[in-house]
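Observations on the three-dimensional arrangement
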Amino acid sequence: MSKNTALTEHHIALGAKMVPFAGFNMPVQYSGINDEHETVRNGVGVFDVSHMGEFILKGDNVLDLLQKVSSNDVSKLYDGKVQYAYLPNENGGVVDDFLTYRIDEKTYFLVVNASNIEKDWNWISKYNTYGVEMKNISDQTSLFAVQGPKAAEALQSLTDIELAPMEYYTFAKGTFAGVDNVLVSATGYTGAGGFEIYVANEDAQKVWDAIFEAGAAYGIKPIGLGARDTLRLEMGFCLYGNDIDDNTSPLAAGLGWVTKFTKDFVNSANLKAEKEAGVKQKLVGFEMIDRGIPRHDYEIVDADGNVIGRVTSGTQSPSLKKSIGLGYVDQAFAKEGTEIFIHIRNQKIKAKVAKPPFVK
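Along each chain, residues carry numbers from 1 onward, in the same order as the chain's sequence is written. Predicted model: local features are reported for residues with pLDDT of at least 70 only, side-chain atom pairs are reported and counted for 80 or more only, and whole-chain, interface and lining totals are derived from all residues. Side-chain numbers come from the whole structure's heavy atoms, not from hydrogens or water.

Attention shifts here to the pairing of strand β5 (residues 82-88). Taking burial as the measure, the seven residues of β5 include seven buried ones, the bulk of the element. For each residue, the accessible area found with a 1.4 Å probe, counting protein chains only, is set against the maximum for its type, and the residue is called buried under 20%, exposed over 50%, and partly exposed in between. The secondary structure listing takes helices from DSSP runs of H or I that are at least 4 residues long and strands from runs of E that are at least 2 residues long, numbered from the N terminus. Where burial is concerned, the two faces of β5 agree: the one with V82, Y84, Y86 and P88 and the one with Q83, A85 and L87 are both buried. Alignment of β5 against strand β6 (residues 94-104), held across seven bridges, turns out to be antiparallel. Bridge pairing in β6 links Y84 to L99. When DSSP locates at least two bridges between a pair of strands, those strands are taken to pair. Hairpin geometry of β5 and β6 is characterised by an intervening segment of five residues between the two adjacent antiparallel strands and by a positive phi of about 95° at G92.

This is the structure in structure tokens:
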């Protein structure tokens, strides 16, 4: 039985095609993936991503706990700043990737993937020998991602927070659509710019309606998970469960930039040794040269048909009108421009390694 978000019935009324996703009943598309994708790339669209998980961590030793479980250096955060990181597990893989928001010196807000809420909660709790107070507010919290180049203009009339000057990966709290204490962050998963708005479930419908009213002049539309996937893939952003998981090396996945060995964290010694030895495989982007759509777990082969890796994500890119993907390949094939082949229905379909973002 899939869980509903606060606005599930509203999405059904809007004519959304609903699918079970990460244990939730979610809109996959409304007007169609390509149309929704273009709306976000060129204008403004709204994703209801209320299935995501939110934790509040507070206490005198909260930084110590976060430094232990996060791959990134949480001490670099200041009030109003957001950081991307992952939770390393003890055997070289990834528990989840997540965002850390510093509310104040003793209060942090974590945003985790919907499929991993319980797993992440248990993982962080396991290391909480620091007396940190933890609160899981996932079930009370709605999240709207208003994304696209027109997002700031479309939303500005609703809030006293100055949106246009907000830097990427910062946030502010203020009044939004007449609701107090709303968290608005300049983050997103599309590469098209925009904001993510965290509200209590009881205010969700009011805020959603206000966003659509304010954005009407800008051609605002509701956007489903289908376009969320094509948009993030054009940027080369990892999706947990596809490109990274409990068994993938974060270093092979290209997450070295959020792996800070200036401190001790879960499995840091092993990850450091792996970095020094060099990873055997690497997550790369690729573009199809011949026709064919790469899908999760398809084999990647060389010209002679030897398996050199596997596809982790793939789609037809609405912006490029060609197929793109992400996948792990042996280090020898990881260089940009290298010719590789994707095994699609017993045929070798030609592709080449390309460096994301695919859409600049």
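Another aspect to go through is the UniProt feature "domain: GCVT N-terminal" (unreviewed entry) in the chain. UniProt positions are given in the numbering used here, feature names are shortened, and annotations may be inferred rather than shown by experiment. Mapped onto this numbering, the UniProt entry annotates "domain: GCVT N-terminal" (unreviewed entry) at residues 7-263. Taken end to end, residues 7-263 has its terminal C-alpha atoms 42 Å apart, with 24% of it in helix and 31% in strand.

Our focus in this paragraph is the sheet that holds strand β13 (residues 221-223). Strands pair in a sheet through their backbones, by hydrogen bonds, and they do so in one of two ways: parallel or antiparallel. Pairing is mixed in the open sheet, where six strands are placed in the order β10-β11-β12-β9-β3-β13. Each of the sheet's edge strands pairs with one partner strand only, and the pair in question is β10 (171-176) and β13. When strand polarity is set aside, the average angle formed by the axes of neighbouring strands in this sheet is 30°. Pairing geometry for strand β11 (residues 179-185) and strand β12 (residues 194-200), over three bridges, is antiparallel. Each residue of the ladder has a partner; that of V184, found in β12, is I197. For this analysis, residues touch if any pair of their heavy atoms sits within 4.5 Å. All axes here are fitted lines through C-alpha atoms, helices being fitted over the stretch that makes contact, and every angle between N-to-C directions spans 0 to 180 degrees. Sitting on the sheet, helix α2 (residues 33-42) is in contact with β3 (45-48), β9 (141-147) and β13, with an inclination near 115° to β13. Against the sheet, helix α6 (residues 204-215) contacts β3, β9, β10, β11, β12 and β13, and its axis sits at roughly 10° relative to β9.

So, on to the packing of α2 against helix α7 (residues 225-235). Packing of α2 against α7 leaves a shortest axis separation of 8 Å and a crossing angle of 55°. Taken together, α2 and α7 sit at an angle that is classed as oblique. As for the relative orientation of α2 and α7, their crossing is right-handed in sense. The residues of α7 that touch α2, namely those facing I33, E36, H37, V40 and R41, are G226, A227, T230, L231, E234 and M235. Amino acid classes used here: Ala, Val, Leu, Ile, Met, Phe, Trp, Tyr, Cys and Pro are nonpolar; Asp, Glu, Lys and Arg are charged; the rest, including Gly, are polar. Looking at the contact of α2 with α7 residue by residue, the classes come out as five nonpolar, three polar and three charged. Angle categories: roughly parallel below 35 degrees, roughly antiparallel above 145, roughly perpendicular from 65 to 115, and oblique for all the rest. Take the far helix as the reference: if the near one is turned anticlockwise from it by less than a right angle, the crossing is left-handed, and if turned clockwise, right-handed.

Residues P356 and P357 are joined by a peptide bond in cis, for which omega reads 0°. A positive phi is found at N181, a non-glycine position, where the angle reads about 60°. Take N181: it is sitting in strand β11. Despite not being glycine, D297 has its phi angle at roughly 80°, a positive value. The topology assignment puts D297 in the loop between β14 (281-288) and β15 (299-301). Judged by relative accessible area, which is 47%, D297 ranks as partly exposed.

What marks off one domain from the next here is an automatic or database domain assignment. In terms of domain boundaries, the chain breaks down into domain 1 (5-49 + 137-232) and domain 2 (279-359). Across the boundary between the two partners, domain 1 contributes six residues, which contact eight residues of domain 2. Take the accessible area each of two parts loses on contact, using a 1.4 Å probe, and add the two losses: that sum is the buried area. Between domain 1 and domain 2, the buried area comes to about 510 Å², and carbon and sulfur atoms account for 51% of it. The salt bridge criterion pairs a side-chain nitrogen of Lys or Arg with a carboxyl oxygen of Asp or Glu, the two atoms within 4 Å. Inspection of the domain 1/domain 2 interface yields zero salt bridges. By the criterion applied in these results, polar contacts are pairs of N or O atoms within 3.5 Å in which, for protein atoms, one can donate a hydrogen and the other can accept it, and in which residues neighboring in sequence qualify only through two side-chain atoms. Our count for the contact surface shared by domain 1 and domain 2 stands at two residue pairs in polar contact (both at pLDDT 80 or more).

Further remarks concern the sheet that holds strand β17 (residues 322-330). As summarised here, the arrangement of the six strands in space is β14-β17-β16-β15-β18-β19, forming a closed barrel in which the pairing is antiparallel. When the angles between neighbouring strand axes are averaged without regard to direction, this sheet yields 45°. As judged from the eight bridges shared by strand β16 (residues 307-317) and β17, these two strands associate in the antiparallel manner. Bridging across to β17, G314 finds its partner in G325. Helix-sheet contacts for α7 involve β16 and β17, and the interaxial angle to β16 is about 125°.

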